[in-house]
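# Observations on the three-dimensional arrangement
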Amino acid sequence: MRSLPPQTKNPRYGFVKCLQTLIYCPYIHSSEPNGYQLGSLRKKDVPFISKLWEYSRDETTVKRLNSLIENSITAGWYKEDDLVSWVFVMEYGGMGLLNTLPAHRNKGLAKSLIYHVSQKLLADGRIPYCFIVKDNEVSQKLFSKMGFQYFMQFSVAFFVIKSKANNQPNKM
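Residues numbered from 1 in each chain as written. Predicted model: local features only at pLDDT ≥ 70, side-chain atom pairs only at ≥ 80, totals over all residues. Heavy atoms only, no water.

### Let's talk about the overall build of the protein
What the protein contains, in helices and strands, is four helices and eight strands. What you see in the protein, going N to C, is helices and strands ordered as β-β-β-α-α-β-β-β-α-β-α-β. Within the span of the protein, comprising 172 residues, buried residues form 39% of the whole. Partitioning the intrachain contacts of the protein with sequence separation of at least 6 by distance along the chain shows that 66% fall at a separation of at least 24. Carbon and sulfur atoms form 53% of the exposed surface of the protein, whose accessible area is close to 10400 Å². (Helix = DSSP H or I, 4+ residues; strand = E, 2+ residues; numbered from the N terminus. Buried < 20%, exposed > 50% of the residue type's maximum accessible area, 1.4 Å probe, protein only. Contact = heavy atoms within 4.5 Å. Areas by Shrake-Rupley, 256 points an atom, 1.4 Å probe, with all protein chains shown as cover.)

Structure below.
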């Protein structure tokens, strides 16, 4: 089977990404960062998250993120009511869209979100895991440092079919 490059842009179909899986090891601990409030993500945060996510597709992404907030596990750190770090449990059950704003990095926020969401998943009888884009070394190191173990590498293709008339994604 021919392997795909780490990222391929196709003007008709959108992005193709190669991902890898890390599996959770439950023997981790995390402390709560001072000056931040932990909470579930709010619908009012969605436009902000969507704007910063490199794979965002405007309306489609906003609908998807709102659905995840309503139906899945989410968590975020807030500083004076402003979202500064977040993570979602995606439709397939793995963690995704982990991000921390640059001014708030290296304070343990992402680590504590991963720990918090992992504990919720374990309490639900689910195995915490994530997919990480192959060339995202920062996330790979973070998850590995927390006890997640590399499971396997494989390719996944996500397609956005655009109409020929206006070169915009079709509404789903």
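### Some words on the pattern of salt bridges
A full pass over the atoms with the stated rule returns six salt bridges. Arg42 serves as the salt-bridge partner of Asp81, at 2.7 Å between the closest nitrogen and oxygen. Of this pair, Asp81 sits in the loop between β4 (74–79) and β5 (82–89) while Arg42 sits in the loop between β3 (37–39) and α1 (46–52), placing them 39 residues apart in sequence. Lys44 is the salt-bridge partner of Asp81, the closest N and O atoms lying 3.3 Å from each other. A residue pair is termed long-range when its members are at least 10 positions apart, and Asp81 in the loop between β4 and β5 and Lys44 in the loop between β3 and α1 qualify at 37 residues. On the accessibility criterion, Asp81 (42% relative accessible area) is partly exposed. Through salt bridges with shared partners, a single network forms among Arg42, Lys44, Asp45 and Asp81. (Salt bridge = Lys/Arg side-chain N within 4 Å of Asp/Glu carboxyl O.)

### Re the packing of aromatic side chains
Each aromatic ring pair is specified by the distance between its two centres and by the angle formed by the two planes. This structure, assessed with the given rule, holds four aromatic pairs. Ring centres of Tyr92 and Phe131 lie 5.1 Å apart, and the angle between their planes is 65°; on these two criteria the pair is classed as edge-to-face. Of this pair, Tyr92 sits in the loop between β5 and β6 (95–100) while Phe131 sits in strand β7 (residues 129–133); the two residues are 39 residues apart in sequence, bridging distant segments of the chain. With 4.9 Å between their ring centres and 85° between their planes, Phe143 and Phe148 make a pair best called edge-to-face. The same class applies to Phe143 and to Phe148, which are both buried. Taken together, the ring pairs connect Tyr92, Tyr129 and Phe131 into an aromatic cluster. The ring of Tyr36 is capped by Lys79, whose NZ or CZ atom sits 4.7 Å from the centre of that ring. (Phe/Tyr/Trp six-rings, centres within 6.5 Å; stacked < 30°, edge-to-face > 60°. Lys NZ or Arg CZ within 6 Å of the ring centre and 35° of its normal.)

### Brief notes about helix α3 (residues 109–123)
A rise of 1.5 Å per residue sets the reference length of α3, with its 15 residues, at 21 Å; its end C-alpha atoms lie 21 Å apart and thus fit the reference within 8%. Turning to α3, its buried residues number three or more, namely Leu109, Ala110, Ser112, Leu113, Ile114, Val117, Ser118 and Leu121. Contacts made by the buried residues of α3 are with β3, β4, β5, β6 and α4 (137–145). The first or second residue beyond α3 is Gly125, which carries a positive phi of 80°. (Expected span 1.5 Å × (residues − 1).)

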